[in-house]
Amino acid sequence: MENIKETPLHSRHVALGAQMSPFAGYDMPIQYKGIVEEHNAVRNACGVFDVSHMGEVTVRGAEAEMFVNRIFTNDVSSIPEGKIAYGMMCHPHGGVVDDLLVYKYSRNEYLLVINAANIAKDVAWIKANAAGFAVEVVDVSDSFAQIAVQGPGAEAVMAEVLGLSYPDMAFYTFEETDTYGERLIVSRTGYTGEDGFELYGSPALICALWDKLIASGKAEPCGLGCRDTLRFEVGLPLYGDELSDDITPLEAGLGIFVKFDKEGGFIGRKALEKMKEDGVPRKLVGLEIGDRAIARHGYEVLDAEGNLIGHITTGYRGISVDKSIAAALIESPFAAKGTEVQVKIRRKCFPATVTAKKFYKKSYKA
């Protein structure tokens, strides 16, 4: 049996009475008071998440920029230092190795933040593709702990409780600062659709910051349960659901993060160019489902005549929108908004209508 890891904050979750469950190889908090309460705290005030299970990889060297651009669909050569880019690493056939954030320190130094479930796979893939480039690739995941402070009150809570004031920090930028004598990375990023920050530092430093936030009563401790409901309502993808080795960025509707014309290209470009030219065979869409039926990952989506046309990737009873909603990867001819389809839930079929993937408006820093 695989050994389940614990984040540096694990004992604090247990002390708070969190419901714990294995996730991506870690014993993680799913909820504390409840998913609905925590979800609403982030939408309306401020919540704090332990995201120390995420992976971090440094890429340094004379050809760091060239190499990162080679393995990444977005273009890091076009962004300034201190900026963050979102994109994907792709297989030659166009499927996604992982989606990730790339932090640009300089042309010679980048920090890649990858999904927890993919750390071993990603690091091996990155290192394998680094052959021939003047770069050093180092998995530094165990050196970092990470928390996410999210919600419309996040900026004020950060300043009042932690003494970290960033009113002018733009969305998808980051800074390094000295906090309690230690290095802290602060980025204006998140996975909730709300304003917020992600803080990376040593386990001791992040534990100290968590303790201050919880003691203040101004940041609700939040588990992975509401992290998923929050990201889903605003159309943010989850690797393993909306992206995978067999789902391309174009099928997932993420073509804006695929820069076909950048110098040197990227792994998977030829396959994705062909898919773009030929037409995407499947598309990720939103669904509003009749009744109060809830569709789960893997459930079948059928056309009006009962023919299989795709599968659900994520489904919930929306907390902020109070509807039964889902995302589904379906055949392109059925992907137009307003198309009537069916979702098979156990042995019964429920009517559903194709909608946009975003069910709730994001509220990021302007």
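Details of the structure are given in the entry above.
Residues numbered from 1 in each chain as written. Predicted model: local features only at pLDDT ≥ 70, side-chain atom pairs only at ≥ 80, totals over all residues. Heavy atoms only, no water.

On to the packing of aromatic side chains, then. What the rule picks out here adds up to twelve aromatic pairs. Aromatic side chains Y86 and F257 sit 4.9 Å apart centroid to centroid with 85° between the ring planes, which places their arrangement in the edge-to-face category. Taken as a pair, Y86 in strand β5 (residues 84-90) and F257 in the loop between α7 (224-233) and α8 (269-278) lie far apart in primary sequence, 171 residues in all. Among the residues examined, F257 registers a relative accessible area of 25% and is labelled partly exposed. Aromatic pair F144 and Y200: ring centres 6.2 Å apart, planes at 85°, arrangement edge-to-face. In this pair, F144 sits in the loop between β8 (136-139) and β9 (145-150) while Y200 sits in strand β12 (residues 196-201), placing the two residues 56 residues apart along the sequence. Residues F144 and Y200 agree in their burial class; the two are buried. (Phe/Tyr/Trp six-rings, centres within 6.5 Å; stacked < 30°, edge-to-face > 60°. Helix = DSSP H or I, 4+ residues; strand = E, 2+ residues; numbered from the N terminus. Buried < 20%, exposed > 50% of the residue type's maximum accessible area, 1.4 Å probe, protein only.)

We now examine unusual backbone geometry. In this model, A24 sits at a positive phi of 55°, which is unusual for a non-glycine residue. One can find A24 in the loop between β1 (19-23) and β2 (26-31). In this structure A24 comes out as partly exposed when scored by relative accessible area, which is 27%. Despite not being glycine, R346 shows a phi value in the positive range, around 60°. Among the structural elements, R346 can be located in the loop between β18 (340-345) and β19 (348-355). We classify R346 as exposed; its relative accessible area is 68%.

Strand order across the open sheet formed by five strands is β5-β6-β7-β4-β8, with antiparallel pairing between neighbours. Single-partner strands in this sheet number two, and they are β5 and β8. Neighbour to neighbour, the strand axes of the sheet diverge by 25° on average, direction disregarded. (Pairing = 2+ DSSP bridges. Axes fitted to C-alpha atoms, helices over the stretch in contact; angles between N-to-C directions.)

The next subject is helix α2 (residues 35-44). Among the residues making up α2, those that are buried are E38, H39, A41, V42 and R43. Contacts from the buried residues of α2 go to β2, β3 (47-50), β9, β13 (220-222) and α7. (Contact = heavy atoms within 4.5 Å.)

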